[in-house]
Amino acid sequence: MPDSRPKPLSLVRGHRTNAELDARAAGEKALTTAEKMQMPRSVRASKEASAHWRRLRKVLGTVGMDEAFYENVLGRYCLLLAEHDQLAAERALRHEAVDDLRDRKDEMDFPDYVERLQTLAGMVDATDRQIAKKRDQLLAIERENLLTVQGKLRAIPKKPEEKKPSGIEAFRQSRGGGVSV
């Protein structure tokens, strides 16, 4: 089954007229900016977010998508990724605390052990909920960026527009093209 998703001109295969190729090239050029992405201040403040930013900008640069148009969304995405990583590290520490508590179970009174275990379990659950929320936010940004790229490609005219006569000219052509006095 052939792939029907929109593609940039560089990936289009098959016969195209010169007019179609010119229209596609002009459409693609019109939808790009000459301005490159700049790292937002909020991303610069976080070492981890900055690392994500540099990696993603490099990847986007290889496909020509490192335009200023994407910098705000990419900045938010990098900050969310950094927050997600922090929560994952926090979750791991809380799991270690649960394991440590279980190892010391014999050293404590049972009611005290149960109370501490419930507290830690509640903290782990809260962290898991925060991680799930961050993942949902990350997924939403990823979907939107993919749709934005696809939308950008869909906006490129596939064929040159045909000039249709309008007004009185269209009326004359529908009547046989002759001019009557």
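Bear in mind that the values here come from a model prediction, so they are computed numbers and not experimental data.

**Q** What am I meant to see in the overall build of the protein chain here?
**A** Each helix and strand counted, the protein chain has six helices and zero strands in total. Secondary structure of the protein chain in N-to-C order comes out as α-α-α-α-α-α. In the protein chain, of all internal contacts separated by at least 6 residues, the share reaching a separation of at least 24 is 68%.

**Q** Would you mind showing me how to read the packing of aromatic side chains here?
**A** Between two aromatic rings, the relevant description is the distance of the centres plus the angle of the planes. With the rule as written, the count across this model stands at two aromatic pairs. Each ring, one from Phe-69 and one from Tyr-70, has its centre 5.0 Å from the other, and the planes form 80°; the classification is edge-to-face. Residue classification places Tyr-70 among the buried positions, given a relative accessible area of 7%. With a centroid separation of 6.5 Å and an interplanar angle of 35°, the aromatic rings of Phe-110 and Tyr-113 are classed as tilted. Residue Phe-110 and its partner Tyr-113 are located together in helix α5 (residues 110–154), separated by three residues, close to a single helical turn. A relative accessible area of 8% places Tyr-113 in the buried class.

**Q** It is not clear to me how the packing of helix α3 (residues 47–62) against helix α4 (residues 71–103) should be interpreted in this structure. Could you clarify?
**A** Packed helices, taken two at a time, are described by their axes: the angle between them and the distance between them. Their axes nearest at 8 Å, the elements α3 and α4 cross at an angle of 135°. Comparing the axis directions of α3 and α4 gives the class oblique. As for how α3 packs across α4, the hand of that crossing is right-handed. The segment α3 lies against α4, with Glu-48, Ala-49, His-52, Trp-53, Leu-56 and Leu-60 engaging Glu-71, Leu-74, Gly-75, Tyr-77, Cys-78, Leu-79, Leu-81, Ala-82, Asp-85 and Gln-86. Partitioned by chemical class, the residues of the contact of α3 with α4 number 10 nonpolar, three polar and three charged.

**Q** Can you walk me through the nonpolar core in this structure?
**A** When a protein is soluble and globular, its nonpolar side chains tend to lie buried together. Counting 16 residues, the largest nonpolar core has Trp-53, Leu-74, Tyr-77 and Cys-78 as the members making the most contacts within it. Sorting the residues of this core by element identifies α3, α4 and α5 as the ones contributing at least two each. With six residues, the top contributor of residues to this core is α4. Counting six residues, the second largest nonpolar core, distinct from the first, contains Val-98, Leu-101, Met-108 and Leu-120.

**Q** Whenever I open this one, a negative patch on the surface confuses me. Can you help?
**A** Taken together, the side chains of Glu-96, Asp-99, Asp-100, Asp-103, Asp-106 and Glu-107 present a region of like negative charge at the surface. Structurally, Asp-100 is set in helix α4. Using a relative accessible area of 40% as the deciding quantity, one classes Asp-100 as partly exposed.

Procedures and definitions
Residues numbered from 1 in each chain as written. Predicted model: local features only at pLDDT ≥ 70, side-chain atom pairs only at ≥ 80, totals over all residues. Heavy atoms only, no water. Helix = DSSP H or I, 4+ residues; strand = E, 2+ residues; numbered from the N terminus. Contact = heavy atoms within 4.5 Å. Phe/Tyr/Trp six-rings, centres within 6.5 Å; stacked < 30°, edge-to-face > 60°. Buried < 20%, exposed > 50% of the residue type's maximum accessible area, 1.4 Å probe, protein only. Axes fitted to C-alpha atoms, helices over the stretch in contact; angles between N-to-C directions. Parallel < 35°, antiparallel > 145°, perpendicular 65-115°, else oblique. Left-handed = near helix turned anticlockwise from the far one by under 90°. Nonpolar A, V, L, I, M, F, W, Y, C, P; charged D, E, K, R; others polar. Core = buried A, V, L, I, M, F, W, Y, C linked by side-chain atoms within 4.5 Å. Patch = residues over 30% accessible without salt bridge, like charges linked within 9 Å, V, L, I, M, F, W, Y side chains within 5 Å. Areas by Shrake-Rupley, 256 points an atom, 1.4 Å probe, with all protein chains shown as cover. Salt bridge = Lys/Arg side-chain N within 4 Å of Asp/Glu carboxyl O. Lys, Arg positive; Asp, Glu negative; His and termini not counted. Charge placed at Lys NZ, Arg CZ, Asp CG, Glu CD.

Function-wise, these values are silent; they only describe arrangement.
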